[in-house]
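Summary of the model geometry
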Amino acid sequence: MAKTFTGLFEEITTFKSLHAAYLRARKGKRKSWPCRHFERDLECNLIQLQNELIWDEYQCGGYIIFHVTEPRRRKITALILFRDRVVQNAIFAAIEPIWEARFISGSYACRIGKGTHAGANKAQEMLRQCLREHGEVFVLKADISKYFASIDHEILIKLLRRRIADKRIMAVIEEIIRSYSEPETPGKGIPIGNLTSQMFANIYLDALDQWIKCRRQERWYVRYMDDWIVVHPDKRHLQALRIDAEAWLADNLELQTNHKTFVFPVRHHGGRGLDFLGYHLWPNARRLRKASLRRLSRQLKEWQSEYARGQIDLAHVRENLHSWTNHARHGNAVPAVAAMLRKATFRRQHGGSNATGRRSSRNSRRVVAKKAQGKDEGHEVSGESSVAAGGLAG
């Protein structure tokens, strides 16, 4: 019988715990109106939140919905009230270690020490091992259809109760889960913008991880949220596994795979590379996806436009480029990214605003990057001399 945990509610409702949760929740949010409003009377707001939890009166607030277009168009649902972020941070800190100890090593999403680069490295290592030991590599690549929108509330709560025996904290968790449903499917869906949603999504498919690794005893398996792969030298074995896995997902989690789920050989000639976590992978080679380079090109144009209007500075651009160049290094694409940066020119509009949105009182010539000099009235800075140097250094 699996070990269950109690005493978690008392852990999250102390003032110290809620204050620590507030400090975590405000990271990256200090300038937002909900955070500033909550901080105006911080102590009273935390005490009020503590009392509502202790008196079993806490109710999760509403959500705002917006869309992002990178890397693809997605609907994001975010909390309106900052106080709800504090509660979710407190819950996350209390129950995340319980599940972290249970997750398999092949689960790479939203976990400390994991991530896309580690997941891609592990997938490529599995391809090499399979090729070295068997001389042939096939992959079952699967993707869950509309994953976050398809998570069933009752099934998720049942999975959580297997480990959490504390009824009071489960009541708060259930309040958060039931606070949102997809309009077309009541009782299903969790908001992508919630901190707890990332953890709940990992917990939901941990059941699949356990089935594949423990019941089916597949040696080479990696999952990153709703994308997962199984490597094997026998194509027919993977085709049979696909049928069984799709049936298991439908029967146990009420999930379906989408059209991007199939079995294929991985080889340079007569096959294809594994498109996984932003890279095309082969046993002994790796390439950054062309779609990623196109996305960087669009992002550079957006940064140029924002810089021209004075909405950002070059330090902001360099900071964002670090993640891109690190991603490029893992895909042997630094020369391609460097070529794009050498063509990038960042120029202030004459009399433009500064990064805070106010009209700049300084001459635009003086808004320069470190080690770069403004050349004309509009202050032109080449990607090669400033942004590229900052992004590709180190």
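Residues numbered from 1 in each chain as written. Predicted model: local features only at pLDDT ≥ 70, side-chain atom pairs only at ≥ 80, totals over all residues. Heavy atoms only, no water.

1. Concerning a nonpolar patch on the surface
Quick reminder of the rule: Patch membership requires over 30% relative accessible area and the absence of a salt bridge. Like charges are linked within 9 Å, and nonpolar side chains (Val, Leu, Ile, Met, Phe, Trp, Tyr) within 5 Å. Every accessible area reported is derived by Shrake-Rupley at a probe size of 1.4 Å, with residue values counting cover from the shown protein chains alone. Any Lys or Arg side-chain nitrogen found within 4 Å of a carboxyl oxygen on Asp or Glu counts as a salt bridge. Think of it this way: any DSSP run of H or I at least four residues long counts as a helix, any run of E at least two long counts as a strand, and we number them from the N terminus. A simple rule labels every residue: compare its accessible area, found with a 1.4 Å probe on the protein chains alone, to the largest value its type can have, and call it buried under 20%, exposed over 50%, or partly exposed in between.
Together, I64, F66, I80 and L81 give the surface a local cluster of nonpolar side chains, amounting to about 320 Å² of exposed area. For L81, the location among the structural elements is in the loop between β2 (74-79) and α5 (82-100). For L81, a relative accessible area of 38% corresponds to the partly exposed category.

2. With respect to the environment of G7
Here G7 lies in the segment before α1 (8-12). G7 gets classed as partly exposed once you look at its relative accessible area, which sits at 40%. Separated by 161 residues in sequence, G7 and R168 have C-alpha atoms that sit 9.2 Å apart.

3. Some remarks on the confidence of the model for the chain
Fine structural detail should not be taken from predicted coordinates in areas where pLDDT scores are low. Where we set the bar: pLDDT runs from 0 to 100 and stands for how confident the predictor is about each residue. What makes two residues a contact is simply this: any of their non-hydrogen atoms within 4.5 Å.
Mean pLDDT over the chain: 85, with 87% of residues reaching 70 or higher. Below a pLDDT of 50 lies the segment residues 355-386, which in the model reaches 67 contacts outside its immediate sequence neighbourhood of four places, other chains included.

4. Comments concerning the pairing of strand β3 (residues 138-143)
The criterion, for reference: For two strands to pair, DSSP has to find at least two bridges joining them.
Along β3, 6 of the 6 residues are buried, which leaves the element largely enclosed by surrounding structure. The alternating pattern of β3 places F138, L140 and A142 on one face and V139, K141 and D143 on the opposite face, and all of these are buried. The pairing of β3 with strand β5 (residues 227-232) spans 6 bridges and is classified as antiparallel. Bridge assignment links D143 to a residue of β5, and that residue is D227. As defined by bridge partners, β3 adjoins strand β6 (residues 262-265) across 4 bridges and the pair is classed as antiparallel. The residue of β6 that forms the bridge with V139 is F264.

5. What about the packing of aromatic side chains?
A ring pair, where both rings are aromatic, is described by two values, the distance of the centres and the angle of the planes. Filter applied, for reference: Between 30 and 60 degrees the pair is tilted, below 30 it is stacked and above 60 it is edge-to-face, where a pair is any two Phe, Tyr or Trp rings, Trp via its six-membered ring, whose centres lie within 6.5 Å. When the NZ atom of lysine or the CZ atom of arginine is within 6 Å of a ring's centre and also within 35 degrees of its normal, the charge is said to sit over that ring.
Using the criterion set out here, one finds 10 aromatic pairs in the structure. Between the aromatic rings of Y221 and W228, the centroid separation amounts to 6.2 Å while the plane-to-plane angle is 55 degrees, which identifies the pairing as tilted. Across the pair, exposure class does not vary: Y221 and W228 are buried alike. Relative to F264, the ring of F262 has its centre 5.0 Å away and its plane inclined at 40 degrees; by these criteria the two rings are tilted. Among the residues examined, F262 registers a relative accessible area of 27% and is labelled partly exposed. F264 gets classed as buried once you look at its relative accessible area, which sits at 4%. Through successive ring pairs, a cluster of aromatic residues spans Y22, F38 and F82. If you follow K114 out to its NZ or CZ, it ends over the ring of Y108, 4.6 Å from the centre. Over the face of the ring belonging to Y279 we find R286, whose NZ or CZ atom lies 5.3 Å from the ring centre.

6. Looking at the pairing of strand β9 (residues 285-288)
Along any regular strand the residues' side chains alternate between the sheet's two faces. Along β9, the buried face is formed by R286 and L288; none of A285 and R287, which line the opposite face, is buried. In terms of strand pairing, strand β8 (residues 279-282) meets β9 through 4 bridges, oriented antiparallel. Across the sheet, residue L281 finds its bridge partner in β9, namely R286. The hairpin formed by β8 and β9 contains 2 residues between the paired strands.

7. Comments concerning the environment of T6
Tracing the backbone shows T6 in the segment before α1. Measuring from C-alpha to C-alpha, the distance between T6 and D166 comes to 4.6 Å, with 160 residues separating the pair along the chain. Other than its neighbours up to four places away in sequence, T6 contacts A165 and D166.

8. Section: the nonpolar core
Selection criterion: We define the nonpolar core as a collection of buried residues of types Ala, Val, Leu, Ile, Met, Phe, Trp, Tyr and Cys that are connected through side-chain atoms lying within 4.5 Å of one another.
In this structure, V86, I95, Y147, I173, F200, W228 and L253 are the most contacted members of the largest nonpolar core, which totals 71 residues. In contact with W228, other than residues within four places in its own chain, are L140, K141, A142, I144, L208, I212, Y221, V222, R223, A245 and L249. In this structure, A120, V231, V266 and L296 belong to the second largest nonpolar core, which totals 36 residues.

9. Some points on the sheet that holds strand β7 (residues 274-276)
Inclusion rule: To obtain an axis, a line is fitted to C-alpha atoms, over the contacting stretch when the element is a helix, and the angle between two such axes runs from 0 to 180 degrees between their N-to-C directions.
Read across the open sheet, the 3 strands follow the order β7-β8-β9; overall the sheet is antiparallel. Each end of this open sheet is capped by a strand with a single partner; those strands are β7 and β9. Each adjacent strand pair in this sheet contributes to an overall mean axis angle of 25 degrees, direction not counted. Together, β7, β8 and β9 form the strand contacts of helix α6 (residues 116-134), whose direction differs from that of β8 by roughly 25 degrees.

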